[in-house]
Amino acid sequence: MSDGANIVYRYDGTYQGFLCCVAQCFFDKKLPQGVQLLDEPQGTLFGIKAVDTDERLAARVERSLSVRISPLAQDMVRKGFLCCMEDKELRLIRFILKGYRNGARVTKLSVDPDVHAIDKALLYLKNEAHYHVEFMRFADCGGFLASMITPNNMVLPLVAPHFCERFNTGNLVIFDKTHGMGFVYQSAGRKREFFQADSLDLPEPSEEETHFQELWRLFYDTIAVEGRINPALRRGNMPIRYWQNMTEFQR
Amino acid sequence: MSELDIFKKLEILTDAAKYDVACTSSGVDRPGMEGKLGTAAKAGICHSFAADGRCISLLKVLMSNDCAFDCTYCVNRRSTDCRRASFTPEELCELTMQFYRRNYIEGLFLSSAVVKNPDYTCELMLSAVKMLRDDCGFWGYVHIKAIPGASPRLTEQLGRYADRMSVNIELPSQQSLKLLAPQKSKEKILTPMAQIRDGIAQNSREIVKYKAAPRFVPAGQSTQMIIGASPESDRQILDLTEALYKKYSLKRVFFSAYMPVVSDRALPAIDTPPPLLREHRLYQADWLLRFYGFTAGEILDEEHPDFNPLLDPKCNWAVNHMEHFPVEINTAPYEMLLRVPGIGVKSAMRIRSARRQCRLDFDGLKKLGVVLKRARYFIVCSGKSASPLPTDNPAVIAGAISERGLGQRKVDPPEQLSFFAPVREDGVKCLTGQI
Ligand code: SF4
């Protein structure tokens with residue numbers, strides 16, 4: 001396989017579409033210069049190849065990841081696709097091709113620049129998902145609980161199961177504003193669904209919702225011990241990035 | 001009292017509970033159950049951090065602050081003129097459920113002042129947690145503070161609803177207790193502690209036999225004591241801590257730097273700053289007891305009854321025992337690796353597994369993520385040292401690894417000590433773990 005075909009792939013941004021890019025590379029026996037989204041503004045020196053998304057092909061590639069490399073590699077690719085990482089698709093493609101050549105060993109090659117970058121990105125994803133489990137806030141919108149998030153990585157698929165299990169008694173909506181991606185859980189029938197949208201409008205908080213938000217802010221302010229105020233420690237434990245979506249800081 | 005609205009009550013009963021330091025939600029994994037609200041995660045989950053930097057995991061409130069007792073150090077003592085309030089079980093359940101479903105909290109931490117008498121107080125708390133579990137279907141975390149002097153039957157019933165229970169030892173000695181908390185006594189505190197210990201042991205035997213046996217305090221028991229309100233030495237406190245772990249199988253002992261809130265001749269003056277450095281050192285030493293195989297007697301002894309303000313207890317031990325160093329990274333037993341300043345549990349485990357594959361040198365240690373800043377004075381790799389200083393004079397080493405600035409520049413301790421109390425959850429990721 002040689003590097004640097006003078007071509008850029010464009011795909012629809014879905015995981016299935018990405019897997020088809022992997023297959024395309026495999027057929028072409030060449031790596032593209034880059035992988036972009038279909039709706040990326042024009043302007044590249046290279047030829048463009050639009051890669052179609054074919055679910056059956058995608059499923060075959062997906063299966064090959066665990067069969068020809070290892071289940072761990074498959075997991076890394078799935079989660080790696082959720083990460084924010086420069087040249088994400090290209091790095092993952094190179095990782096997969098290396099995996100086809102080296103087998104399960106590829107996941108241990110932590111000195112390889114691609115594997116190293118993916119490891120780092122996965123750690124970031126995991127940490128960010130954990131911060132969301134801690135700091136996400138829901139509001140009762142009458143009939144469902146809703147939460148707005150603005151993560152750098154696509155943490156939604158990682159955090160959604162936690163909340164479905166925990167809040168199984170009601171309906172849930174989580175919306176990721178950064179990636180225009182949402183999730184709905186309906187307790188009747190335990191239906192879970194992801195959706196895409198540019199934005200999501202929620203109703204104005206009801207009187208009851210405001211009441212509990214105010215009680216929470218009161219609790220938050222009261223629980224701190226005056227003699228020990230420590231802004232640096234608070235920032236260290238709870239990065240300021242998350243504050244914008246937290247009830248206690250929305251006044 | 002009835003004219004107080006829920007905002008006032010929440011304010012009063014939070015304010016009265018905030019000095020309690022144990023706010024972890026750890027120790028038990030409980031998957032979701034259809035129709036019930038909540039789950040529990042063994043590592044615990046923090047949901048916010050207050051302005052003092054401490055984790056907020058549980059709704060930490062008192063059932064009531066209308067106390068019949070008169071403990072000198074306490075804001076709620078009978079003889080002070082403070083605002084009094086009590087939650088009804090309904091109010092407490094509503095707050096817990098509504099906060100929980102918005103992901104503000106992991107659960108409830110319920111404590112109480114002594115209303116009328118210990119048994120009456122327990123009945124009040126029991127009616128609240130019963131309603132929370134049975135009627136509201138709450139499946140999240142519940143920490144209940146046992147009331148010393150209550151009848152064992154009530155403590156036992158509370159334990160059936162709690163994930164964790166704690167009995168505060170309050171003060172580090174019997175004399176101090178007598179002086180400052182006249183209605184409490186060592187016996188009244190240790191009796192429920194022993195009862196809970198035995199209840200947990202018996203329950204784990206029941207569960208072996210019969211998996212569906214109802215759980216009793218599955219996340220274990222903890223305690224806390226106030227540091228600096230009474231004259232005990234660090235050594236006395238640490239000895240007591242060790243004894244509590246051993247005799248009562250506690251999960252955690254928490255320390256709380258005394259914050260002068262009331263003036264009394266028997267107490268430090270009202271403008272005394274809380275002894276945060278001391279509290280911090282105690283947490284470090286506590287860590288050494290629990291995870292590093294140290295005994296209290298090794299950390300402090302008769303000649304050195306108090307902590308060194310400039311050196312953490314592990315460094316302090318090392319510079320006083322240079323006869324054990326340097327240790328050879330490639331052959332030293334794991335227990336000895338743990339005693340090297342700068343090598344934490346994680347690093348020691350990494351070294352242990354890496355050296356089975358190949359001989360380690362300093363480069364290799366760096367790749368494993370071992371921080372050599374302090375460790376280099378105490379280790380050799382295949383006989384080679386990386387110490388920039390001769391290691392035969394402990395005073396030189398102590399100077400090189402001391403936390404300069406803590407004692408010399410009189411900086412504001414809360415700012416300086418970025419990791420005092422139990423910061424995050426109990427896990428090894430706690431910063432104080434890497435000492
Ligand atoms: S029993 Fe003592 S410590 Fe507890 S609330 Fe009453 S006065 Fe305070």
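The model shown is predicted, which means the values in this text are computed figures rather than measured ones. (Residues numbered from 1 in each chain as written. Chains lettered and ligands numbered in written order. Predicted model: local features only at pLDDT ≥ 70, side-chain atom pairs only at ≥ 80, totals over all residues. Heavy atoms only, no water.)

We now examine the interface of chain B and chain A. Every contact between the two is made by 57 residues of chain B and, on the other side, 47 residues of chain A. Put simply, chain B and chain A have 23 residue pairs in polar contact (both at pLDDT 80 or more) between them. When grouped by side-chain class, the residues that make up the side of chain B that touches chain A number 30 nonpolar, 11 polar and 16 charged. (Contact = heavy atoms within 4.5 Å. Polar contact = N/O pair within 3.5 Å; in protein donor to acceptor, adjacent residues only side chain to side chain. Nonpolar A, V, L, I, M, F, W, Y, C, P; charged D, E, K, R; others polar.)

The next thing to look at is the domain arrangement of chain B. Each domain of chain B was delimited in the assignment, giving domain 1 (6–224) and domain 2 (320–408). For domain 1 of chain B versus domain 2 of chain B, the distance between C-alpha centres works out to 42 Å. (Domains from an automatic or database assignment.)

Turning next to the packing of helix 1 (residues 6–15) of chain B against helix 2 (residues 89–101) of chain B. All names here are of chain B. Relative orientation of the contacting elements helix 1 and helix 2 amounts to 85°, with a least axis distance of 12 Å. In terms of axis orientation, helix 1 runs roughly perpendicular to helix 2. In contact with I6, K9 and L10 of helix 1, helix 2 contributes E91, L95 and F99. Taken together, the residues that form the contact of helix 1 with helix 2 break down as 4 nonpolar, no polar and 2 charged. (Axes fitted to C-alpha atoms, helices over the stretch in contact; angles between N-to-C directions. Helix = DSSP H or I, 4+ residues; strand = E, 2+ residues; numbered from the N terminus. Parallel < 35°, antiparallel > 145°, perpendicular 65-115°, else oblique.)

Another point: the packing of aromatic side chains. Here the structure, examined in full by the defined rule, presents 27 aromatic pairs over all chains. Measuring from ring centre to ring centre gives 5.0 Å for W287 of chain B and F291 of chain B, while their planes differ by 50°; the resulting arrangement is tilted. Here W287 of chain B pairs with F291 of chain B, and both are found in helix 8 (residues 276–291), just 4 residues apart, close to one helical turn. Site record: aromatic cluster; members linked through ring pairs are F138, F163 and F167 of chain A together with Y100 and F138 of chain B. The cationic tip of R68 of chain A hangs over the ring face of Y100 of chain A; the distance from NZ or CZ to the ring centre is 4.3 Å. (Phe/Tyr/Trp six-rings, centres within 6.5 Å; stacked < 30°, edge-to-face > 60°. Lys NZ or Arg CZ within 6 Å of the ring centre and 35° of its normal.)

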